[in-house]
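Structural characterization, general
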Amino acid sequence: IQIQAWDATPDVLENCKEMCQEYENKFSTEIPTSEIAQINSAHGNPVNVSDDTIDILKTALYYCKLSNGKFDITIAPASKLWDFNGEHSGTIPNSEDISNALTHVGYQNIVLNGNSVTLLDSEAQIDLGGIAKGYIADRMKDYLNQKGAACGYINLGGNVLCLGAKPDGSSYNIGIQRPFDEEGAAMLAVSVTDQTVVSSGVYERYFEVDGKRYHHILDTATGYPYDNGLLGVSIITDESVDGDGLSTTCFALGLADGMALVESLDNTEAVFITEDYELHFSSGMGTKIPYQVME
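Just so it is clear, the structure is predicted and the values come from calculations on it, not from any experiment.

On to the layout of surface pockets. Quantified by volume, the largest pocket comes out at close to 1500 Å³. Every residue lining the largest pocket is counted, 47 residues in all, and those nearest its centre are Asp127, Leu128, Gly129, Gly130 and Arg205. Those elements that provide at least two residues to the lining of the largest pocket are helix H1 (10-27), helix H4 (76-79), helix H6 (132-146), strand S9 (196-201) and helix H7 (240-263). If you tally residues by element for the lining of the largest pocket, the top one is H1, at five residues. Residues of the lining of the largest pocket, tallied by class, amount to 18 nonpolar, 17 polar and 12 charged. A volume near 360 Å³ is recorded for the second largest pocket. Around the second largest pocket, the lining is made up of 17 residues, and of these Asn155, Gly158, Val160, Ile174 and Gly175 lie nearest the centre. Going through the elements one at a time, strand S5 (152-155), strand S7 (172-177) and S9 are the ones with two or more residues in the lining of the second largest pocket. Of all the elements, S7 adds the most residues to the lining of the second largest pocket, at four residues.

All right, on to the environment of aspartate 72 then. Residue position: aspartate 72 is located in the loop between helix H3 (51-66) and H4. If sequence neighbours within four positions are ignored, aspartate 72 has contacts with Cys64, Val105, Gly106, Tyr107 and Thr220. Among the polar contacts listed, one links the side chain of aspartate 72 to the side chain of threonine 74, at a separation of 2.6 Å.

In a regular helix each residue adds 1.5 Å, so 18 residues correspond to 26 Å; H1 covers 26 Å between its end C-alpha atoms and thus fits that length. Taken together, the buried positions of H1 are occupied by Val12, Cys16, Met19, Cys20, Tyr23 and Phe27. Down the axis of H1, the smallest arc covering the buried residues is 105°, so these residues share one side. Residues of H1 that are exposed and point over 90 degrees away from its buried face: Pro10 and Lys17.

So, on to the packing of aromatic side chains. The geometry of an aromatic ring pair is captured by two quantities: the separation of the ring centres and the angle between the planes. For the structure shown, the criterion picks out 14 aromatic pairs. Taken together, a centroid distance of 5.7 Å and an interplanar angle of 0° make the contact between tryptophan 82 and phenylalanine 84 stacked. There is no split in this pair, since tryptophan 82 and phenylalanine 84 are both buried. Following the ring pairs from residue to residue traces out a cluster consisting of Trp82, Phe84, Phe207, Tyr214 and Tyr224. When the ring centre of tyrosine 135 is taken as reference, the NZ or CZ atom of arginine 139 above it lies at 4.8 Å. Here the basic side chain of lysine 212 rests over the ring of tyrosine 214, its NZ or CZ set 5.7 Å away from the ring centre.

What counts, and at which threshold
- Residues numbered from 1 in each chain as written.
- Predicted model: local features only at pLDDT ≥ 70, side-chain atom pairs only at ≥ 80, totals over all residues.
- Heavy atoms only, no water.
- 1 Å grid on protein atoms, 1.4 Å probe; cavity = no way out; pocket = protein on both sides within 12 Å on 5 of 7 lines; lining within 4 Å.
- Points joined across faces, edges and corners; volume = space filled by probe spheres on them.
- Helix = DSSP H or I, 4+ residues; strand = E, 2+ residues; numbered from the N terminus.
- Nonpolar A, V, L, I, M, F, W, Y, C, P; charged D, E, K, R; others polar.
- Contact = heavy atoms within 4.5 Å.
- Polar contact = N/O pair within 3.5 Å; in protein donor to acceptor, adjacent residues only side chain to side chain.
- Expected span 1.5 Å × (residues − 1).
- Buried < 20%, exposed > 50% of the residue type's maximum accessible area, 1.4 Å probe, protein only.
- Arc of directions from axis to C-beta.
- Phe/Tyr/Trp six-rings, centres within 6.5 Å; stacked < 30°, edge-to-face > 60°.
- Lys NZ or Arg CZ within 6 Å of the ring centre and 35° of its normal.

Take a look at the structure:
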């Protein structure tokens, strides 16, 4: 986590760090006492949760519906079978296990009623990994703005959210990584003011078996990684939670359908990187959002 805020006091920055911990304690699937973990372990019984958890679930479900389930926060039964950076990394799950897991994937199983959450399938599991960072970044920005910090940025690794412009009034230049570059070098830089740049790609968590790459963005229809010719998608928009939801959704939709979705949305631009390392830009890139391609 990197936070740069020119007008913020040390205690405000410390509170931002504590906010991250508080949200992790609500949203993490790995912390048994978190609200999401409680929902997942309730075997279909209703669980009362905080306003924050209801808020993020509503936003996540919006993107589940928008993508017709290609982005689905109940992918957890399938994603838990894959290990991309642990001791079992490099192991392809059993196809029968994947098929069984997919029977429990379906965002329609989530029912919200006030502050109560119920899973209609007792074996269903929620995982907010595809959208939580964006939500948390937005809340941190709200807090910093309330405390008088109008210039700065929040970097949650793949999610960069800018507060206004730089103190001199200029835009922030945000680099978009060249996939698989060992130095993490930027492929291009985009200039933004008071906006967010969020990237999803196959180069973040993956392993290779017999020359084939397996990455962490799973196709909700097959339980295997998407194989659609894309290496990455970066979204430039106003709210980081939208960038998070859209970067995963547009990756899942593929170049043509993903770009069509971006073009249908206000204040939203995108860069798609295909397997041939070609850059594909939405119509507002270069006019609404200046950019520079690196050599």
